[in-house]
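# Observations on the model geometry
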Amino acid sequence: YRQLPHSLLSQISATLVTTSVSLGGILSDNNTPTSPYAGFTPMNPSDEKLWAALVQLGGIFFGVIPALIGFFLLRQRGPFLREHTIAALNWQITLILAYFVGVVTSVLLVGFIILAAAGVLQIVFGIIATLRAYNGQLYTYPLAIRFVQN
């Protein structure tokens, strides 16, 4: 450090300062302060389709969790994604109610039929919704109750 010429040390320190400022996000390109809370940037259509398909597919394996994550974190990133996350969330809440009714009525043995039907519909409608989302088409679940709206 002591053996380097003074001009080289000043160039290195200037480079480090500008790099740390640009990497830290404190200043933008035109030296105006930026905020990490400035808003959401919209996704391009292919990313929207991919995330919508992942939210729909995640409902088959993880239930309501992917729909909740998508609703709270991704719905502001585009209108297509918003519609799919709302549809997935409504469907998952409807399934929770169906499973609850099935468990309560399983004492009467009819509940086992409700549980089996809800499981089959979760898989079948989840696959259809995933394919529609991946192809860029909107999908509304036929039996879903609209708890959440735009």
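Report on the accompanying structure. (Residues numbered from 1 in each chain as written. Predicted model: local features only at pLDDT ≥ 70, side-chain atom pairs only at ≥ 80, totals over all residues. Heavy atoms only, no water.)

### Looking at the overall build of the protein chain
- In terms of helices and strands, the protein chain carries five helices and zero strands.
- Each helix (α) and strand (β) of the protein chain, taken in turn from the N terminus, gives the series α-α-α-α-α.
- Across the 150 residues of the protein chain, 30% fall into the buried class.
- Taking as baseline every contact in the protein chain between residues at least 6 positions apart, the subset at least 24 positions apart corresponds to 62%.
- When the accessible surface of the protein chain is totalled, it reaches about 10100 Å², and 69% of it is carbon and sulfur. (Helix = DSSP H or I, 4+ residues; strand = E, 2+ residues; numbered from the N terminus. Buried < 20%, exposed > 50% of the residue type's maximum accessible area, 1.4 Å probe, protein only. Contact = heavy atoms within 4.5 Å. Areas by Shrake-Rupley, 256 points an atom, 1.4 Å probe, with all protein chains shown as cover.)

### Some words on the side chain of Q122
- Take Q122: it is sitting in helix 5 (residues 110-134).
- A residue is classified by how much of its surface remains accessible, and Q122, at 12% relative accessible area, is buried.

### A few points about the packing of helix 2 (residues 45-62) against helix 5
- Taken N-terminus to C-terminus, the directions of helix 2 and helix 5 make an angle of 175°; their axes are 8 Å apart at the nearest point. It follows from the interaxial angle that helix 2 and helix 5 lie roughly antiparallel. Taken together, the residues of helix 5 that come into contact with helix 2 (itself represented by K49, A52, A53, Q56, L57, G59 and I60) are Q122, I123, G126, I127, A129, T130, A133 and Y134.
- Residue classes in the contact of helix 2 with helix 5 are distributed as nine nonpolar, five polar and one charged. (Axes fitted to C-alpha atoms, helices over the stretch in contact; angles between N-to-C directions. Parallel < 35°, antiparallel > 145°, perpendicular 65-115°, else oblique. Nonpolar A, V, L, I, M, F, W, Y, C, P; charged D, E, K, R; others polar.)

### Focus: the packing of helix 2 against helix 4 (residues 79-104)
- Viewed as axis vectors pointing N to C, helix 2 and helix 4 meet at an angle of 5°, and their least axial separation amounts to 9 Å. Relative to helix 4, helix 2 is oriented roughly parallel. Across the interface between the two elements, E48, K49, W51, A52, V55, Q56 and G59 of helix 2 pack against P79, F80, L81, H84, T85, A88 and Q92 of helix 4.

### So, the side chain of T85
- Its location among the elements puts T85 in helix 4.
- Polar contacts involving the side chain of T85 include one to the main-chain carbonyl oxygen of R82, which spans 3.0 Å.
- Once residues lying within four places of it in the same chain are set aside, the contact partners of T85 are V55, G70, F71 and R75. (Polar contact = N/O pair within 3.5 Å; in protein donor to acceptor, adjacent residues only side chain to side chain.)

### Some words on helix 3 (residues 65-74)
- All of the buried residues in helix 3 are P66, A67, G70, F71 and L74. Along helix 3, the residues classed as buried sweep out an arc of 135° about the axis, all on the same side. Set apart from the buried face of helix 3 by more than 90 degrees, the exposed residues are F72 and L73.
- Those residues of helix 3 hidden inside the fold are in contact with helix 2 and helix 4. (Arc of directions from axis to C-beta.)

### What about a nonpolar patch on the surface?
- Nonpolar side chains collect at one region of the surface, where L57, F61, F62, I65, L68, I69, F72 and L73 lie side by side and expose about 850 Å² of accessible area between them.
- Of all the secondary-structure elements, those providing two or more residues to the nonpolar patch are helix 2 and helix 3.
- In terms of residue count, helix 3 provides more of the nonpolar patch than any other element does, five residues in total.
- Along the polypeptide, F62 turns up in helix 2. (Patch = residues over 30% accessible without salt bridge, like charges linked within 9 Å, V, L, I, M, F, W, Y side chains within 5 Å. Salt bridge = Lys/Arg side-chain N within 4 Å of Asp/Glu carboxyl O.)

### Details of the nonpolar core
- The biggest cluster of nonpolar side chains holds 15 residues, and the ones touching the most others in it are A52, F71, L74, L81, L89 and V148.
- Counting only elements with at least two residues in this core, the list comes to helix 2, helix 3 and helix 4.
- The leading source of residues in this core is helix 4, at five residues.
- Dropping the residues within four chain positions of it, V148 is found in contact with F71, I86, L89, N90 and I93.
- Formed by eight residues, the second largest nonpolar core is a distinct cluster that contains L95, A118, F125 and Y139. (Core = buried A, V, L, I, M, F, W, Y, C linked by side-chain atoms within 4.5 Å.)

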